[in-house]
Amino acid sequence: MSSHNESILREPLMTGKGITYAQVTDDILLPVENKPNKAWWIGFIVAVCGAMLWVISVGYTFWTGIGAWGLNKTVGWAWDITDFVWWVGIGHAGTLISAVLLIFRQNWRNSINRSAEAMTIFAVICAATYVVAHMGRPWLAYWIFPLPNQFGSLWVNFNSPLVWDAFAISTYFTVSLVFWYCGLLPDIASVRDRAHGLRKKIYSVLSFGWNGSVKSWQRFEIVSLILAGISTPLVLSVHTIVSMDFATSVIPGWHTTIFPPYFVAGAIFSGFAMVQTLLLILRKVMNFEHYITMFHIEAMNKIIMVTGSIVGVAYLTELFIAWYSGSEYEMYAFANRIAGPYAWAYWAMMTCNVISPQLFWFKKIRTSIPISWILSIIVNIGMWFERFVIIVTSLHRDYLPSSWAMFYPTWVDVGIFVGSIGLFFTLFLLFLRFLPGIAIAEVKLLLKSSSLQHKTKLVQEGAFPEDQVEFFRNSLEKYDSVTEEEINALRKK
């Protein structure tokens, strides 16, 4: 009998006792069906204020032109492209959690995939705003698409990585949106069945007639796997193409073949850090401690640690190749990063991205919620500095010393960036208000396999050896959602 059960050595993915399928639905839909609490309103008001700053800053940019930014003849790209690449990177973790972990049947994704997918969509929206704003003439944005028009044979330059960007990111956004919404259908139907009046009509339309039949679930599983298969290459391709904006140029510091894998690792690194930042707040404000457990937090910290180490190796490889190339221009580009006028940004990047993730080697740190939350923010600060260092320090001192210049951001640069963060959190908080933040149907799958109460029942029936049960009891000490009484219940009756 025990051979058909999940090993007791595996830590539980759901805690709490006396949990039923109905209680799972009630707990997760509580923020959707009831009035938002004070914490939600405080966060939403602050986020909306940030979004208004974004509207003002972008509106001012459209009215006066991109000369309102701190750009100059030497530094033609700066905060705008830095912020664009940063947001695209943050959007990577959602697809990785949803698609790649689904294909590998990693059940710990079930509690965090919904919010991670939503984060991906909102991050890509924020990134897209920079593309439009940087065009100078945003009303001609449709020119990036190969459409027939009144000018005759006007086609985009398919040799340009900037065009590849448009296709890669629009594809990524479309597939991510479809994947996210298909996963939402069973949960929207749950909200529909419990709603009344106008809410019921709205959720009925949004649920696309989901009826929960066996045939519906079969098709749901098939579509999920197909979309996961389509999405998985996108995890690698999107940021690879973004990196080619730089790697296909001949500018020292950019012209390097390491950029594609380096950018992908950095994107996963920053994406998981942002997921960690959001979920640690979510589990506290929405009372989801039983569904987003210490196992999820520790697993994400381990991924941050590994990807941070890969990024650190990439930094060192860049330095080595600059020296090994024998190119005086390449060597100077990196010497300028390390000891030039922007050295403070380089060392901030190294501290945040290389040193801080190594703290997660210590179990006490990676299982500490306050420290994990602070380090996740530090990582994303470091990843912003990484993009700033790559872009600005490579441009501000080129081949001609007489054209060297410094970049200084204006209030518009700062306003658009801070405002985009406000826009992101506004969208995310609205998502939590009207849609389930955790996948109800997928979490229910864990109840009879990976939950603490199920494993407690098996222990009491004598399904596992005592040494394994003792190991399991010890692993529960780090869980903030498990009581001493629950640990003591892990005794054979």
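Here is what the cut-offs are and how they apply
- Residues numbered from 1 in each chain as written.
- Predicted model: local features only at pLDDT ≥ 70, side-chain atom pairs only at ≥ 80, totals over all residues.
- Heavy atoms only, no water.
- Helix = DSSP H or I, 4+ residues; strand = E, 2+ residues; numbered from the N terminus.
- Rg over C-alpha atoms; globule rule 2.2 N^0.38 Å.
- Buried < 20%, exposed > 50% of the residue type's maximum accessible area, 1.4 Å probe, protein only.
- Contact = heavy atoms within 4.5 Å.
- Areas by Shrake-Rupley, 256 points an atom, 1.4 Å probe, with all protein chains shown as cover.
- Lys, Arg positive; Asp, Glu negative; His and termini not counted.
- Charge placed at Lys NZ, Arg CZ, Asp CG, Glu CD.
- Expected span 1.5 Å × (residues − 1).
- Core = buried A, V, L, I, M, F, W, Y, C linked by side-chain atoms within 4.5 Å.
- Phe/Tyr/Trp six-rings, centres within 6.5 Å; stacked < 30°, edge-to-face > 60°.
- Patch = residues over 30% accessible without salt bridge, like charges linked within 9 Å, V, L, I, M, F, W, Y side chains within 5 Å.
- Salt bridge = Lys/Arg side-chain N within 4 Å of Asp/Glu carboxyl O.
- Axes fitted to C-alpha atoms, helices over the stretch in contact; angles between N-to-C directions.
- Parallel < 35°, antiparallel > 145°, perpendicular 65-115°, else oblique.
- Left-handed = near helix turned anticlockwise from the far one by under 90°.
- Nonpolar A, V, L, I, M, F, W, Y, C, P; charged D, E, K, R; others polar.

Visitor: Can you walk me through the overall build of the protein chain in this structure?
Guide: For the protein chain, the count of helices and strands is 19 helices and zero strands. Taken over C-alpha atoms, the radius of gyration comes to 25 Å for the protein chain, in line with the 23 Å a tight globule of 493 residues would show. Residues classed as buried in the protein chain amount to 54% of the 493 residues present. In the protein chain, the share of contacts with a sequence separation of at least 24, taken over all contacts with a separation of at least 6, comes to 82%. With the model as given, the accessible surface of the protein chain reaches about 22400 Å², and the carbon-plus-sulfur share is 69%. Each charge sign in the protein chain was given a centre, from 35 positive and 31 negative side chains, and these centres are 7 Å apart.

Visitor: How do you make sense of helix H9 (residues 259–285) when you look at a structure like this?
Guide: It helps to recall that an α-helix has 3.6 residues per turn; residues three or four apart then point in one direction. With 27 residues, H9 ought to run about 39 Å at 1.5 Å a step, and its terminal C-alpha atoms sit 39 Å apart, in line with that. Counted residue by residue, H9 has 23 buried out of 27 residues, so it is predominantly covered. Of the residues one or two after H9, Asn-287 is the one with positive phi, at around 55°.

Visitor: Explain the nonpolar core here, please?
Guide: Burial of nonpolar side chains together is a common tendency in soluble globular proteins. Counting 124 residues, the largest nonpolar core has Trp-87, Phe-246 and Phe-272 as its most contacted members. Residues in contact with Phe-246, not counting those within four places in the same chain, are Trp-77, Ile-81, Val-85, Trp-254, His-255, Phe-259, Phe-263 and Ile-391. Membership of the second largest hydrophobic core comes to 15 residues, among which are Ile-8, Ile-297, Leu-458 and Leu-490.

Visitor: Is there a simple way to explain the packing of aromatic side chains in this structure?
Guide: One pair of aromatic rings is described through two measures. These are the centre distance and the angle between the planes. Within the structure shown, the criterion is met by 39 aromatic pairs. Between Trp-40 and Phe-44, the aromatic rings sit 4.8 Å apart at their centres with planes inclined by 10°, giving stacked as the arrangement. Here Trp-40 pairs with Phe-44, and both are found in helix H2 (residues 38–64), just four residues apart, close to one helical turn. There is no split in this pair, since Trp-40 and Phe-44 are both buried.

Visitor: Just checking my understanding: could you explain a nonpolar patch on the surface for this structure?
Guide: Taken together, the side chains of Ile-281, Trp-373, Ile-374, Ile-377 and Ile-381 present a nonpolar region at the surface, about 400 Å² in accessible area. With four residues, helix H14 (residues 369–395) is the single largest residue contributor to the nonpolar patch. Position of Ile-377 among the secondary structure elements: in helix H14. The partly exposed category is assigned to Ile-377, whose relative accessible area is 31%.

Visitor: Would you explain the packing of H2 against helix H15 (residues 411–434) in this entry?
Guide: Axis angle and axis distance: for two packed helices, these are the angle between their axes and the distance between the axes, and together they describe the pair. It is the contact of H2 with H15, at a shortest axis distance of 6 Å, that shows an interaxial angle of 140°. Judged on the interaxial angle alone, H15 and H2 are oblique. Seen from above, H2 lies across H15 with left-handed handedness. The class makeup of the residues in the contact of H2 with H15 is 17 nonpolar, nine polar and one charged.

Visitor: Even after reading the chapter, I still don't get the pattern of salt bridges, so can you show me in this structure?
Guide: As a working rule, side chains carrying opposite charge can pair if their charged atoms are close by. On inspection of all chains with the given rule, the structure shows 14 salt bridges. Salt-bridge contacts for Glu-33 lead to Arg-194; the nearest nitrogen and oxygen are separated by 2.7 Å. Here Glu-33, found in helix H1 (residues 21–33), pairs with Arg-194, found in helix H6 (residues 161–194); they are 161 residues apart in sequence, far enough to count as distant. Owing to a relative accessible area of 32%, Glu-33 belongs among the partly exposed residues under this scheme. In this structure, the salt-bridge partner of Lys-363 is Glu-298, at a minimum N-O distance of 3.2 Å. Within this pair, whereas Lys-363 is found in helix H13 (residues 363–366), its partner Glu-298 is found in helix H10 (residues 294–325), the two being separated by 65 residues in sequence. Judged by its relative accessible area of 42%, Lys-363 is partly exposed.

Visitor: Would you mind going over the environment of Gly-18 with me for this structure?
Guide: Take Gly-18: it is sitting in the segment before H1. Here Gly-18 is in contact with Gln-23 and Gln-453, once residues within four sequence places are set aside.

Visitor: It is not clear to me how unusual backbone geometry should be interpreted in this structure. Could you clarify?
Guide: Only a minority of non-glycine residues have a phi that is not negative, and only a minority of peptide bonds are not trans. If you check the backbone angles, Arg-105 has positive phi at about 55° while not being a glycine. Here Arg-105 lies in the loop between helix H4 (92–103) and helix H5 (113–134).

Visitor: So what exactly am I meant to see when it comes to H4 here?
Guide: Along its 12 residues, H4 runs 16 Å from first to last C-alpha, staying within 8% of the 16 Å computed at 1.5 Å per residue. Buried within H4 we find His-92, Ala-93, Gly-94, Thr-95, Leu-96, Ile-97, Ser-98, Ala-99, Val-100, Leu-101 and Leu-102. Where H4 is buried, its residues contact helix H3 (79–90), H5, H6, helix H8 (214–247) and H9. Positive backbone phi, approximately 55°, marks Arg-105, located one or two places after H4.

Visitor: Help me understand the environment of Asp-165, please; the structure alone is not making it clear to me.
Guide: Looking at where Asp-165 falls in the secondary structure, it is placed in helix H6. On the basis of relative accessible area, Asp-165 is assigned to the buried category, the value being 6%. When residues no more than four places from it in sequence are discounted, the contact partners of Asp-165 are Phe-84, Ile-241, Val-242 and Asp-245.

Purely spatial values, then, with no claim about function.
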